[in-house]
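Fold and contact review
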Amino acid sequence: MIIVLLGPPGAGKGTQGERLAARLDVPKIATGDVLRAAVRDGTPLGLEAKAAMDRGDLVPDEVIMGIMKEALAAPSAAKGAILDGVVRTTPQADGVATMLSDLGRKVDAVLLFDIAEDELVRRLSGRTTCDVCQRPFFGRQPGESCESDGKVGTLVRRKDDEPDAVRKRLQVYRDQTSPVINWYEEHGPRVVRIDAIGSLEEVEARALHVLGY
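Attention here is on the structure that accompanies the text. (Residues numbered from 1 in each chain as written. Predicted model: local features only at pLDDT ≥ 70, side-chain atom pairs only at ≥ 80, totals over all residues. Heavy atoms only, no water.)

With that settled, the discussion passes to the packing of aromatic side chains. Enumeration over the complete set of coordinates arrives at one aromatic pair. Their ring planes at 85 degrees and their centres at 5.1 Å tell us that Trp183 and Tyr184 sit as a pair that is edge-to-face. What makes Trp183 buried here is its relative accessible area of 14%. Positioned over the ring face of Phe137 is Arg140, at 4.8 Å from the centre of the ring. (Phe/Tyr/Trp six-rings, centres within 6.5 Å; stacked < 30°, edge-to-face > 60°. Buried < 20%, exposed > 50% of the residue type's maximum accessible area, 1.4 Å probe, protein only. Lys NZ or Arg CZ within 6 Å of the ring centre and 35° of its normal.)

Printed below as a string of structure tokens:
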């Protein structure tokens, strides 16, 4: 089962993606993760991506789709995968569909984690991030310490987590994602909205329910 996750920043789709991946025993595949791995491993596509980044250019979609295709063709993804942050625009939705078709597969479900804007602003403006491991924290203050993998980091509040910046990010998300939702409703599986308010366990249970678990 190939599952695409959609949702605004702060909706918790990354955390839910990890939980769903563990529950379904499939990998969670995120664009940034597979891109960094390909660059680190020096694969041919990874070298193309690195060359683009070294020039200060965006990595072309066809290179990203090629890297995604390699990840989905790996034995670890034989039973399926959770795609988190892979589809942000309609060209990417189309690219993923074509890439999966080449593998004889398709997107089986699209989960949209739904949450009110005011709640997202409250969540994100209360978030701090470790400057070493980049792990996000809620309810902790800038300047506090974070220990991860034997390294001590300091919690900081990113500029894009300030309330005004959060609202601008949400507008960008809406502008980009509304066409993606329409694309899937026309070309792919039904987009299922998941209420993202509640405990981690409650939200996970809602997602599993619509997936038939």
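For helix 4 (residues 61–73), built from 13 residues, the straight-helix expectation of 18 Å at 1.5 Å per residue is met to within 8% by its first-to-last C-alpha distance of 18 Å. Of the surrounding elements, those touching the buried residues of helix 4 are strand 1 (2–6), strand 2 (28–30), helix 2 (31–41), helix 3 (44–54), strand 3 (81–84) and helix 5 (90–102). (Helix = DSSP H or I, 4+ residues; strand = E, 2+ residues; numbered from the N terminus. Expected span 1.5 Å × (residues − 1). Contact = heavy atoms within 4.5 Å.)

All right, on to unusual backbone geometry then. One non-glycine residue, Asp25, adopts positive backbone phi at about 60 degrees. Here Asp25 is to be found in the loop between helix 1 (13–24) and strand 2. Overall, Asp25 belongs to the exposed group, its relative accessible area being 52%. Unlike most non-glycine residues, Gln134 shows phi in positive territory, near 65 degrees. Among the structural elements, Gln134 can be located in the loop between strand 5 (127–130) and strand 6 (136–138).

With respect to topology, five strands assemble into an open sheet ordered 2-3-1-4-9, the strand pairing being parallel. Across the chains shown, the open sheet's two edge strands, defined by having one partner strand only, are strand 2 and strand 9 (191–195). Taken pair by pair, the neighbouring strands of this sheet meet at an average axis angle of 25 degrees, ignoring direction. One ladder, built from four bridges, connects strand 1 with strand 4 (residues 109–114); its direction is parallel. Among the inter-strand pairings, Val4 is bridged to a residue of strand 4, identified as Val110. (Pairing = 2+ DSSP bridges. Axes fitted to C-alpha atoms, helices over the stretch in contact; angles between N-to-C directions.)

Once that is clear, we can look at the nonpolar core. Counting residues in each nonpolar core, the largest one holds 35 residues, and the members touching the most others are Leu72, Leu83, Val96 and Tyr184. Only strand 1, helix 2, helix 3, helix 4, strand 3, helix 5, strand 4 and helix 7 (163–187) provide two or more residues apiece to this core. Among the elements that make up this core, the one with the highest residue count is helix 4 (seven residues). Leave out the neighbours within four places in its chain, and Val96 touches Met65, Leu83, Val86, Val87 and Val107. With 24 residues, the next largest nonpolar core counts Leu5, Val192, Ala196 and Ala207 among its residues. (Core = buried A, V, L, I, M, F, W, Y, C linked by side-chain atoms within 4.5 Å.)

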